[in-house]
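Below, each chain spelled out in residue letters.
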Amino acid sequence: MLEDVPRDPFADDPNDPAAELGAPDDVEPLTLAERDEALTDLADVEVFRSLLEPQGVLGLVLDCPECGEQHYFDWDLLRGNLRQMIDNGRPQVHEPAYQPDPADYVSWEYARGYVDGVIDTEESR
Ligand SMILES: [Zn+2]
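Since the structure is predicted, the reported quantities are computational estimates derived from the model, not experimental observations. (Residues numbered from 1 in each chain as written. Predicted model: local features only at pLDDT ≥ 70, side-chain atom pairs only at ≥ 80, totals over all residues. Heavy atoms only, no water.)

A. Local environment of the pattern of salt bridges. For the structure on display, the rule yields five salt bridges. Between Arg112 and Asp44 there is a salt bridge, and its shortest N-O distance comes to 3.1 Å. You can see Arg112 sitting in helix 3 (residues 108-123) and its partner Asp44 sitting in helix 1 (residues 32-52), a full 68 residues away along the chain. Arg112 gets classed as partly exposed once you look at its relative accessible area, which sits at 29%. (Salt bridge = Lys/Arg side-chain N within 4 Å of Asp/Glu carboxyl O. Helix = DSSP H or I, 4+ residues; strand = E, 2+ residues; numbered from the N terminus. Buried < 20%, exposed > 50% of the residue type's maximum accessible area, 1.4 Å probe, protein only.)

This is the structure in structure tokens:
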């Protein structure tokens, strides 16, 4: 399941520079409600991707709770972050896509509305 996650080059290095930023032991575990929410988000992301990726949408733009800026996340990163959060607790890092074209990304609200619109259209057929 993790084969598409880049391997940490310092995984076997006792001097891992990332260790000081927060070892896995420091990760705050999710509450049951947060875990439920993350599982729901993960399901949403899969649906968004299945409908929006064929339209050329590369991912979502989200407000970052840590720095208050907007970050662009591609689908694999979104899924990876949510999976990591569900498995390990709150992620310590955020890795926005590198120099994204904002035209390729949509907001969560847009994706939600798009999916709801598609579902409505299919149900009224
Ligand atoms: Zn940020």
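That was the structure; now back to the text.
B. Region of interest: the packing of helix 1 against helix 2 (residues 75-88). Taken N-terminus to C-terminus, the directions of helix 1 and helix 2 make an angle of 160°; their axes are 9 Å apart at the nearest point. In terms of their interaxial angle, helix 1 and helix 2 are classed as roughly antiparallel. In this structure, helix 1 meets helix 2 at a crossing whose hand is left-handed. Residues Arg35, Ala38, Leu39, Asp41, Leu42, Val45, Glu46, Phe48, Arg49 and Leu52 of helix 1 form the contact with helix 2, whose own contacting residues are Trp75, Asp76, Leu78, Arg79, Leu82, Arg83, Met85 and Ile86. Here the residues of the contact of helix 1 with helix 2 sort into eleven nonpolar, no polar and seven charged. (Axes fitted to C-alpha atoms, helices over the stretch in contact; angles between N-to-C directions. Parallel < 35°, antiparallel > 145°, perpendicular 65-115°, else oblique. Left-handed = near helix turned anticlockwise from the far one by under 90°. Contact = heavy atoms within 4.5 Å. Nonpolar A, V, L, I, M, F, W, Y, C, P; charged D, E, K, R; others polar.)

C. Representation of the packing of helix 1 against helix 3 within the structure. Contact geometry of helix 1 with helix 3 gives a least axis separation of 10 Å together with a crossing angle of 70°. On the basis of their axis angle, the class for helix 1 and helix 3 is roughly perpendicular. Of the two elements, helix 1 crosses helix 3, and the hand of that crossing is left-handed. Contacts between helix 1 and helix 3 involve Asp41, Asp44, Val45, Val47, Phe48, Leu51 and Leu52 on the former and, on the latter, Trp108, Tyr110, Ala111, Arg112, Tyr114, Val115 and Val118. Residue composition of the contact of helix 1 with helix 3, grouped by class: eleven nonpolar, no polar and three charged.

D. Seen up close, the nonpolar core. Counting 19 residues, the largest nonpolar core has Phe48, Leu52, Leu60 and Trp75 as its most contacted members. Breaking this core down by element, the ones donating at least two residues are helix 1, helix 2 and helix 3. The leading source of residues in this core is helix 2, at six residues. Setting aside residues no more than four positions away along its own chain, Leu52 makes contact with Val57, Trp75, Val106, Tyr110, Ala111 and Tyr114. (Core = buried A, V, L, I, M, F, W, Y, C linked by side-chain atoms within 4.5 Å.)

E. View of the sheet that holds strand 1 (residues 59-63). Taken together, the three strands give an open sheet; going across it, the order is 2-1-3, and neighbouring strands pair in mixed fashion. Each edge of the open sheet is held by one strand with a lone partner, namely strand 2 (70-74) and strand 3 (105-107). Each neighbouring strand pair of the sheet contributes to a mean axis angle of 35°, computed without reference to strand direction. Both strand 1 and strand 3 contribute to a ladder of three bridges, which runs parallel. Across the sheet, Val61 pairs through a bridge with Ser107, a residue of strand 3. Sitting on the sheet, helix 2 is in contact with strand 1 and strand 2, with an inclination near 95° to strand 2. (Pairing = 2+ DSSP bridges.)

F. Structural detail: the environment of Phe73. Inspection of the secondary structure puts Phe73 in strand 2. Phe73 sits in the buried class, given a relative accessible area of 8%. When the C-alpha positions of Phe73 and Ala97 are compared, they lie 5.5 Å apart, and in sequence the two are 24 residues distant.

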